[in-house]
2 protein chains.
Amino acid sequence: MSGWVVIAGLGPGDAALVTPEVRDALAEATDVVGYIPYVRRVTPRPGLTLHESDNRVEVERATHALEMAAEGKRVVVVSSGDPGVFAMASALFEALEAGPEVWLSLEIRVLPGITAMLAAAARLGAPLGHDFCAINLSDNLKPWSLIEHRLRLAAQAGFAMAFYNPRSASRPHQFGEALEILRAECGPDCLISFARNVSKDDETLTTVTLGDATPDMADMRTVVIVGNADTRRVGPHVYTPRRAE
Amino acid sequence: MSGWVVIAGLGPGDAALVTPEVRDALAEATDVVGYIPYVRRVTPRPGLTLHESDNRVEVERATHALEMAAEGKRVVVVSSGDPGVFAMASALFEALEAGPEVWLSLEIRVLPGITAMLAAAARLGAPLGHDFCAINLSDNLKPWSLIEHRLRLAAQAGFAMAFYNPRSASRPHQFGEALEILRAECGPDCLISFARNVSKDDETLTTVTLGDATPDMADMRTVVIVGNADTRRVGPHVYTPRRAE
């Protein structure tokens, strides 16, 4: 029996958003590794070992997964959302690149999932229905100046925008600075939506104008979506038209 | 029994990528509407009427769905991928905005799906593992000059990029122009991947440098993913590191 690593997206939280492909991979696994709250979404069963790890140890966790696969285990690395969007897939390949050459012949598959911005967009209506970008607002792995640069260019391009990790206790001021940049570039009437804990029991959705947005509307469990100049409300829905001039 | 409209994402093709939420909505529907090949992915059953329509009649199709829901029917509008990404959700809200005010009280829900770029990224590795943008390269609903503007700004921002509808028979030269802009802005060594018919039996994946990319590598069934300056290969995989300077 040869081992493998699957990096699987569990979606935003609701079990009805987990694909059959991911469910089947979990059914075949001998080991599951991941950040504590994501591993706890996997149902325990005999023959399956659950390995929980803390946040911010992504490469160590990925290395552990590769080591176990090299020993013949069938390992699923669980991510929230989609593993390829600000989640575990890149960390796994970083660990692969840094590891022994023999790991390159391991079977490694990434299984997509419903990423937070698309779950949030669906709940709101269709705010990402035209060209858009996705930006991780955390400066943990890149300088804040680069994030500011990207915000300005994205606004000048007329992209709708989705922000992951908009605000944390360790950097409370930066999201306020991001809002200032957006107000300057997009104007105060542009719509901004805050989707917190999407698909979970305590989901909240809030849409205001940039002029009315305040930093406390976001935390680390919030996905923020900023419309382009054409984004509008129709009834309770928020959407961006397909057409642009 | 009151009617409703659900706009549901069927994912890229493989039934293992359809969420249970979408499957359940199809089980409750009285009517399914959509572009012919997507409706044909729905299993017929007694009590379910399938309404197939041609491409490029999105607003007419959405209006038909809303009319049927107003008559009390339970209507699923099917999209490939995710309905909120260059698909039917925005068209539905455009039809809602243009329609009678009474439609605003209809129950309308968007159910997310696995969009083509994330299915393609998963098959390739993790090329969208850092900040990225999604651009529809069709100039059907926006001027080509705007697309060129967005390509330049996205490159200057250091976004990885995903392109939908990169090339069609009616506009064969534009994708070549897009490649010229990308080569000028990103340099010839940047990686570009062509993912055709992802998750289907005849899936093909090709990764080359921008210097070696030619327009004929893409057609309307291809999702194109362009890496940023840090995107690299490790073994058979393509990924973008999480870290940036």
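What you see is a predicted model; the values in this text were computed from it and never measured.

Caption draft 1: Structural detail: the overall build of chain A. Of the regular secondary structure elements, chain A holds seven helices and 13 strands. Against the 2.2 N^0.38 benchmark of 18 Å for 245 residues, chain A shows a C-alpha radius of gyration of 19 Å, consistent with a compact globule. Seen through its C-alpha atoms, chain A measures out along the principal axes to roughly 60 × 35 × 35 Å. Taken across its 245 residues, chain A has 59% of its residues classed as buried. Once local pairs closer than 6 in sequence are excluded, the contacts in chain A between residues at least 24 apart make up 68%.

Caption draft 2: Inspection of the relation of the copies chain A and chain B at higher detail. Rotating chain A by 180° and translating it 0.0 Å along the rotation axis places it on chain B, where the RMSD comes to 0.0 Å. Both copies are brought into coincidence by an operation consistent with a two-fold rotation axis. For chain A, the minimum C-alpha distance to the rotation axis belongs to A:Cys133 and amounts to 1.9 Å. A high fraction, 100%, of the interface residues of chain A reappear at the interface in chain B, so the copies pair face to face through one surface.

Caption draft 3: The arrangement of the sheet that holds strand S1 (residues 4-9) of chain A in detail. Residue and element names in this part refer to chain A. Strand order in the open sheet formed by five strands is S3-S2-S4-S1-S5, with parallel pairing between adjacent strands. Sheet topology places strand S3 (49-53) and strand S5 (107-111) at the edges, where each strand pairs with a single neighbour. Within this sheet the neighbouring strands show an average axis-to-axis angle of 15°, counted without direction. Lying on the sheet, helix H3 (residues 58-70) is in contact with S1, strand S2 (31-35), S3, strand S4 (74-79) and S5; it crosses S2 at an angle near 175°. Strands S1, S4 and S5 of the sheet are contacted by helix H4 (residues 88-98), whose axis makes an angle of about 165° with S5.

Caption draft 4: Inspection of unusual backbone geometry at higher detail. The phi dihedral of A:Asn165 is positive, around 50°, even though this residue is not glycine. Positive phi, close to 50°, is recorded for B:Phe86, a residue that is not glycine. Following the sequence through the fold, B:Phe86 ends up in the loop between strand S4 (74-79) and helix H4 (88-98).

Caption draft 5: Representation of the environment of B:Tyr164 within the structure. All names here are of chain B. In this structure, Tyr-164 sits in strand S8 (residues 160-164). Taking the relative accessible area as the measure of exposure, Tyr-164 reaches 8% and is therefore buried. Considering only alpha carbons, one finds Tyr-164 and Val-223, 59 residues apart in sequence, at a separation of 5.5 Å. Once residues within four sequence positions are removed from consideration, Tyr-164 is found in contact with Val-85, Phe-86, Thr-115, Ala-116, Met-117, Ile-135, Asn-136, Leu-137 and Ser-138.

Caption draft 6: Region of interest: the packing of aromatic side chains. On inspection of all chains with the given rule, the structure shows eleven aromatic pairs over all chains. Where A:Tyr35 meets A:Tyr38, the ring centres are 5.3 Å apart and the plane angle is 80°; that geometry is what we call edge-to-face. Judged by relative accessible area, A:Tyr35 falls into the partly exposed class, the value being 24%. One aromatic cluster is present, formed by A:Phe86, A:Tyr164 and B:Phe132 through successive ring pairs.

Caption draft 7: View of the domain arrangement of chain A. Residue and element names in this part refer to chain A. Along its sequence, chain A is organised into domain 1 (4-114) and domain 2 (117-239). Spacing between the C-alpha centres of domain 1 and domain 2 amounts to 28 Å. Each partner contributes residues to the interface: domain 1 has eight residues there, and domain 2 has nine residues. Here domain 1 and domain 2 share an interface that buries about 700 Å² over both sides, 64% of which is from carbon and sulfur atoms. Area buried by domain 1 at its contact with domain 2 is led by Pro-12, Arg-56 and Phe-86, which between them contribute 65% of it. Run the count over domain 1 and domain 2 and you get zero salt bridges. Counting every contact that joins domain 1 to domain 2 gives two residue pairs in polar contact (both at pLDDT 80 or more).

Caption draft 8: Representation of helix H1 (residues 20-28) of chain A in the model. Of all the positions in H1(A), only A:Pro20, A:Val22, A:Ala25 and A:Leu26 are classed as buried. On its buried face, H1(A) sits against S1, S2, S4 and S5 of chain A.

Caption draft 9: Expanded view of helix H5 (residues 116-124) of chain B. All names here are of chain B. Most of H5 sits inside the fold, with seven of its nine residues counted as buried. What H5 keeps buried is the set Met-117, Leu-118, Ala-119, Ala-120, Ala-121, Ala-122 and Leu-124. Positive phi shows up at Gly-125, right after H5, with a value of about 145°.

Caption draft 10: Molecular detail of the interface of chain A and chain B. Taken together, the contacts link 67 residues of chain A with 67 residues of chain B. A combined buried area of about 5700 Å² lies between chain A and chain B, and 62% of that area is made up of carbon and sulfur atoms. For the chain A face of the interface with chain B, the top three residues by lost area are A:Leu141, A:Arg150 and A:Arg242, together amounting to 13%. For the pair chain A and chain B, the interface holds ten salt bridges. Of the charged contacts in the structure, one is a salt bridge between A:Glu97 and B:Arg232, with a shortest N-O distance of 3.4 Å. Taken together, the connections running from chain A to chain B amount to 28 residue pairs in polar contact (both at pLDDT 80 or more). Classifying every residue of the side of chain A that touches chain B by side-chain character gives 40 nonpolar, 15 polar and twelve charged. Across three bridges, the pairing between strand S7 (residues 132-136) of chain A and strand S7 (residues 132-136) of chain B is antiparallel. Looking at the pairing, A:Phe132 lines up with B:Ala134 of S7(B).

Calculation rules
- Residues numbered from 1 in each chain as written.
- Chains lettered and ligands numbered in written order.
- Predicted model: local features only at pLDDT ≥ 70, side-chain atom pairs only at ≥ 80, totals over all residues.
- Heavy atoms only, no water.
- Helix = DSSP H or I, 4+ residues; strand = E, 2+ residues; numbered from the N terminus.
- Rg over C-alpha atoms; globule rule 2.2 N^0.38 Å.
- Buried < 20%, exposed > 50% of the residue type's maximum accessible area, 1.4 Å probe, protein only.
- Contact = heavy atoms within 4.5 Å.
- Least-squares fit on C-alpha atoms with pLDDT ≥ 70 in both.
- Pairing = 2+ DSSP bridges.
- Axes fitted to C-alpha atoms, helices over the stretch in contact; angles between N-to-C directions.
- Phe/Tyr/Trp six-rings, centres within 6.5 Å; stacked < 30°, edge-to-face > 60°.
- Domains from an automatic or database assignment.
- Buried area = accessible area lost by both parts, 1.4 Å probe.
- Salt bridge = Lys/Arg side-chain N within 4 Å of Asp/Glu carboxyl O.
- Polar contact = N/O pair within 3.5 Å; in protein donor to acceptor, adjacent residues only side chain to side chain.
- Nonpolar A, V, L, I, M, F, W, Y, C, P; charged D, E, K, R; others polar.

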